[in-house]
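Structural features, examined
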Amino acid sequence: MPFQDVVATDIAVAPEAAWGVVPTAGYRRINRTSWGVNLERDVIRSNRIRFDRQRVFSRHGVERLRGTYEDELSLGGADVFLEALLCGTWTAAVSITGEADVTALSGQRLALVRGDASSWPGLAVGDRVSAEIDGNPYGEGTVTLVAAANLQIRFDADPGISTPLSGAPVVIASLGKTLQNGVAKRSLTAQVAFADVSPAIYRIQRGLVVSDGSLTLNPGEVVTASFSLIGKTEDVQAAPVASSIAEAPDGDVLVAVDGVLRIDGVEVAALTGLSLTIAANTNNGRSVVGSRSIVNISRGTGDVTGTISALLEDRRFIDAFRNEAEIDLVVRLRDRAGTGFLQIHLPRVKINGASMTVSGSEEVIVEAPFEALGAPGGYTVRVQTSAAL
């Protein structure tokens, strides 16, 4: 009798058009370090007291799926889970062509003002962009200001423009795709295939909602991702539901040594660790009389929290905590070629502590827990990646 091997277990996920309705197309295989989503049922027990001291009644009650998906973060690998968690929509890159007055600023920055007073649609502070000005490529940079006709970009290398340009033709293009928190209610179906056994077993897990997700960066390690899932129910059958399955994204696994943390545009060189958690604050699933399955999963107000760990070298975190000063935080991870990237931008971060334990014989480390806040009409978290849409 054959037994099922872990590495031969095939798992694919697809977005649902409606919660709990199993799709037949759109499945993509996922890589993972662990998939632990399983069907759970409440247990209903009688509390009746009997003379013989025995419990003689027990039933299964409401059922739901619950568990975690864990993986090493890679370009494109977690995109469908991030989209479901943030209740947003991945948006394709934008390219803006026009004319602008161009002026050099300090810190490898350029200021561009559109002469026709047009805006810069689709761009946001923190976005990675490429620029062509007056027919010349100027490489990549980060948007530091977007306000009506005004745009400022901090370039990775000195753009070398010393003389102001008037009415220069410009092409500003964002890189890859972007995602930010929203209100779209997204859910997934997972097909877990055990094809080593005979007959094959297919677990069809539907109505999966991503309740929270976390990223962890530690020096000298791969970046890890974990997503908690809650779902409607599971069907166990002998045939698959997926008509076809696309291969998993094959981007590089991202490692912390290729990571950069910027606070208010300044790189934190002494970072020793970073954790980030995004919580959708879902409920446990709504149960009603007459139904074994839950009938809804509600999402609450989203929370984005984390902790920065860094060698103590100045008062930055102490002052940010004591003064309740908001900071702008960007985490950028690159692949080994240096061209692919994943970036997370939190424009309003409040530091909620600055703790230090002075012991041992090594450097003092400051631990700074934080939370990210949103802005009306804006966003709390914005993700940008070079992975294809």
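Presented here is an overview of the structure given in this document. As the structure is a prediction and not an experimental result, all values here were calculated from the model.

We now examine the sheet that holds strand β8 (residues 109–114). Pairing is antiparallel around the closed barrel formed by six strands, whose spatial order is β7-β8-β11-β10-β9-β12. Here the average twist between neighbouring strands, direction ignored, is 45°. Examined bridge by bridge, strand β9 (residues 128–133) and strand β10 (residues 136–147) share five bridges and lie antiparallel to one another. Bridge pairing in β10 places Ile133 opposite Asn136.

What follows concerns the pairing of strand β11 (residues 150–155). Of all six residues in β11, five are buried, a share of seventy percent or more. Note that β8 and β11 share five bridges and pair antiparallel. Looking across to β11, one finds that Leu110 is bridged to Ile153. Two elements, β10 and β11, share six bridges in a ladder whose sense is antiparallel. By the bridge assignment, Thr142 is partnered in β11 with Arg154. Hairpin connection of β10 to β11: two residues between the antiparallel strands, including Ala148 at a positive phi of 55°.

A few words now on unusual backbone geometry. In the segment running from Ser198 into Pro199, the intervening peptide bond is cis, with an omega of -5°. Of note, Pro199 is situated in the loop between β14 (188–194) and β15 (201–217). In the Ramachandran plot, Asp264 falls in the positive-phi region, its phi being about 55° despite a non-glycine side chain. By relative accessible area, Asp264 is classed as partly exposed at 47%. One non-glycine residue, Glu324, lies in positive phi territory at about 55°. Residue Glu324 is classed as exposed on the basis of its relative accessible area, which comes to 54%.

In an α-helix, one turn spans 3.6 residues, which is why side chains three or four residues apart end up on the same side. Counting buried positions over the eight residues of helix α1 (residues 79–86) gives seven, a clear majority of the element. Those residues of α1 that fall on the buried side of the exposure criterion are Asp79, Phe81, Leu82, Glu83, Ala84, Leu85 and Leu86.

This part takes up the pattern of salt bridges. Applying the stated rule across the entire model yields 19 salt bridges. Across the pair Arg29 and Glu247 runs a salt bridge, and its minimum N-O distance is 2.7 Å. One end of the pair, Arg29, is in strand β2 (residues 27–29); the other, Glu247, is in the loop between β18 (245–246) and β19 (259–263), and 218 residues separate them in sequence. Each of the salt bridges in this network shares a partner with another, and the network as a whole consists of Arg128, Glu140, Asp156 and Arg334.

The subject of this paragraph is the pairing of β8. Where strand β7 (residues 95–105) lies against β8, six bridges are found, and the strand directions are antiparallel. The residue of β8 that forms the bridge with Thr103 is Ala111. The turn linking β7 back onto β8 is made up of three residues, and Gly107 within it adopts a positive phi angle of 70°.

Another aspect to go through is the side chain of Arg334. Tracing the backbone shows Arg334 in strand β23 (residues 326–334). When residues no more than four places from it in sequence are discounted, the contact partners of Arg334 are Arg128, Glu140, Asp156, Leu254, Asp258, Thr339, Gly340 and Phe341.

On to the environment of Pro23, then. One can find Pro23 in the loop between β1 (10–15) and β2. Owing to a relative accessible area of 13%, Pro23 belongs among the buried residues under this scheme. For Pro23 and Thr233, which are 210 residues apart along the polypeptide, the C-alpha to C-alpha distance reads 15 Å. Among residues more than four places away in sequence, those in contact with Pro23 are Ala14, Pro15, Glu16, Thr189 and Val241.

To continue, consider the environment of Pro347. For Pro347, the position within the fold is in strand β24 (residues 341–351). Considered as a pair, Pro347 and Ser162 are 185 residues apart in the sequence and their alpha carbons are 30 Å apart. Setting aside its immediate chain neighbours within four residues, Pro347 contacts Ile327, Asp328, Tyr379 and Thr380.

What counts, and where the lines are drawn
Residues numbered from 1 in each chain as written. Predicted model: local features only at pLDDT ≥ 70, side-chain atom pairs only at ≥ 80, totals over all residues. Heavy atoms only, no water. Pairing = 2+ DSSP bridges. Helix = DSSP H or I, 4+ residues; strand = E, 2+ residues; numbered from the N terminus. Axes fitted to C-alpha atoms, helices over the stretch in contact; angles between N-to-C directions. Buried < 20%, exposed > 50% of the residue type's maximum accessible area, 1.4 Å probe, protein only. Salt bridge = Lys/Arg side-chain N within 4 Å of Asp/Glu carboxyl O. Contact = heavy atoms within 4.5 Å.

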